[in-house]
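# Summary of the model geometry
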Amino acid sequence: MTKKMIQFENINKSFGKLQVLKDISVSFEQGQSVAILGPNGSGKTTLIKTLLGMVVPDSGSIFFERQSIKNAFLYRNQIGYMPQIGHYPPNLKIRQLIDMMIDIRNSKENNIELDEELIDEFKLKTVESKPLGTLSGGTTQKVSAALAFLFNPKVLILDEPTAGLDPLSSEILKAKILKEKQNGKLILITSHIMSDLEELASHIMYLQDGKLQFFKELEFLKIEFCEERLNKIIALIMQKKTKIYT
Amino acid sequence: MVKVIKYVVYDIIRNRFVIGYTLLLLVMSLSFFGFESDPNKGLLSMLNIILMVVPLVSIIFSTIHFYNSYEFLELLSAQPMSRKTIFFSQYLGVCISLSLAFLFGVGLPTYIFEGSERGFTLISSGLLLTLIFVSIAFFASVFTRDKAKGIGIALGLWFYLCLLYDGLVLSALLTLSDYPMEKASLVFTAFNPTDLARILVLMKLDVSALMGITGAVFQNFFSSKIGISVAFFLLILWIIIPIAWAFKLFNKKDL
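Below is a short write-up of the structure.

Note on backbone geometry: most residues besides glycine have negative phi, and most peptide bonds are trans. Residues and elements named next belong to chain A. Of note in the backbone geometry, Arg-66 takes a positive phi value of approximately 70° without being a glycine. Look at Asp-209: it is not a glycine, yet its phi comes out positive at around 50°. As for its placement among the helices and strands, Asp-209 is situated in the loop between β9 (203-208) and β10 (211-217). Classification of Asp-209 as partly exposed rests on a count of 16 C-beta atoms within 10 Å.

This next bit is on the interface of chain A and chain B. The interface is formed by 18 residues belonging to chain A together with 17 residues belonging to chain B. Per-element accounting of the side of chain A that touches chain B gives the leading share, four residues, to helix α2 (residues 94-105) of chain A. Grouping the constituent residues of the side of chain A that touches chain B by class yields eleven nonpolar, four polar and three charged.

Take the sheet that holds strand β5 (residues 67-68) of chain A next. Residues and elements named next belong to chain A. As summarised here, the arrangement of the four strands in space is β2-β1-β4-β5, forming an open sheet in which the pairing is antiparallel. Edge strands, defined here as strands with exactly one partner in the open sheet, are β2 (18-29) and β5. Judged from the five bridges that link them, strand β1 (residues 4-15) and strand β4 (residues 59-64) form a sheet pairing that is antiparallel. When the sheet's bridge partners are listed, Ile-6 is paired in β4 with Phe-64.

With 31 residues, helix α5 (residues 83-113) of chain B extends 44 Å from end C-alpha to end C-alpha; this agrees with the ideal 45 Å at 1.5 Å per step. Roughly 40° is the biggest bend found in α5(B), and it falls at Leu103(B).

Moving on, we get to the sheet that holds strand β7 (residues 155-159) of chain A. All names here are of chain A. Taken in spatial order, the six strands of this open sheet run β6-β7-β8-β3-β9-β10, and their pairing is mixed. Edge positions in the open sheet fall to β6 (79-82) and β10, since each of these has one partner strand only. Strand after strand, the sheet turns through a mean of 15° between neighbouring axes, direction not considered. Relative to β9, strand β3 (residues 33-37) is paired through four bridges, and the arrangement is parallel. Bridge assignment links Ile-36 to a residue of β9, and that residue is Met-205. In the packing of helix α1 (residues 44-51) onto the sheet, the strands contacted are β3, β7, β8 (186-190) and β9, and the crossing angle to β7 comes to about 150°. Strand contacts of helix α5 (residues 137-150): β6 and β7, with the helix running at about 175° to β6, the strand carrying the most contacts.

All names here are of chain B. The interhelical angle for the contact between helix α6 (residues 117-143) and helix α7 (residues 147-175), taken along N-to-C directions, is 145°, at an axis separation of 8 Å. Taken as a pair, α6 and α7 cross one another with a handedness that is right-handed. Between α6 and α7, the contacting residues are Ile-136, Ala-137, Ala-140, Ser-141 and Phe-143 on the first element and Gly-150, Ile-153, Ala-154 and Leu-157 on the second. Residues of the contact of α6 with α7, tallied by class, amount to seven nonpolar, two polar and no charged.

The rules behind the values
- Residues numbered from 1 in each chain as written.
- Chains lettered and ligands numbered in written order.
- Predicted model: local features only at pLDDT ≥ 70, side-chain atom pairs only at ≥ 80, totals over all residues.
- Helix = DSSP H or I, 4+ residues; strand = E, 2+ residues; numbered from the N terminus.
- Buried ≥ 20, exposed ≤ 12 C-beta atoms within 10 Å, placed from the backbone.
- Contact = placed C-beta atoms within 7 Å.
- Nonpolar A, V, L, I, M, F, W, Y, C, P; charged D, E, K, R; others polar.
- Pairing = 2+ DSSP bridges.
- Expected span 1.5 Å × (residues − 1).
- Bend = angle between axes of the 7 residues up to and from the residue.
- Axes fitted to C-alpha atoms, helices over the stretch in contact; angles between N-to-C directions.
- Left-handed = near helix turned anticlockwise from the far one by under 90°.

Below you can see the structure in the form of structure tokens.
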């Protein structure tokens, strides 16, 4: 029934002397909604970037639908990525950026149905002639989110999706994520807002100092810790870890 | 790939810097050809400008452009697109824009005032220099993530190739002046694209008599079909090697 979408095998990565990912092995299946958690600098974004091929791991391999992603790029057709901080060419207008992405992703020939729901709901059409360099952080986030969902990808990678969004937009985005989750997509989210993750995540993956501490179902964690609220659970885990270190 | 090149060229051509560069070249060529009654002299003055300005502008503009398009590179790298496409569409985009600027600023006036073989040698060596220094700039840019360092490396390379190298060769020739150095100086030029371009044009201008025995050796070599082909081949190597090396580094780079 479930299908293995993404598999990490013994991933190691260092930036200079600092080892950011230590022997990470984990696999994600279709329909899961995974929250990647961990303190700042624990390697969450780096892990995401290795999956996108933006960071090349020192050793280990990553498989997307059982195909190694090394030197491959077509698999990224199936991925929608919303970066933590969107960097876009500052002279380009919103409309031009969206048109360009559509042009690059070739959706007319590939016949991908465009999903413009977020563009409409965030009312991006009213600001479409603004250059990207002049946008506020929140509007940039909206553009990033709209682009991630635009091509109806099988996998959504959202790096701190709700950071910087106003409460209304944040709710719109969360509703959209839930909807896509119900459509059977694999969703990877990093966030520090536990209440958001509580609503969205089915699985929790916890990283600390570049090491995978655990990857478990949220329901299972709740039973294990006899605690309903995710932020309590995470606080307990973090305390436990620090106790070991001190 | 063509699509991405289109966006890169579109972005650069609107840039005021490139428009200014085109106008600067245009004004210079028009004044050189306009004031000199002898087009030969005009070409010679143009040559000096081309050997300094074209490499400098090409290398600095390309380096700055590369760092400024980092966001664009990041954006593209999350899309279904190979690193090769991303990298070479940037490279070709810059090459096309700067070549267009050069053709408008220098090519057109040269063609009008001196549409001879000499004129064409000047235009083609200028174009090749543009491509070579864009290659070298990309090589400098992939080396480091730090913009200031990257521009520093680029400027250093320009300084070395356009100014320092000649001085070093000259001092080497002077210290070893007791030996026949004509052949050696021929080899020295191969290691510097600006020298190659300079000699290619000078040989067409019949001023080699001013350069003594070395000039005679050069005249012999670079006037023959083989000599010219070798020179062009070396110039093309100067384009390919830096950009191929740069791509090798970029392919493994973390964005």
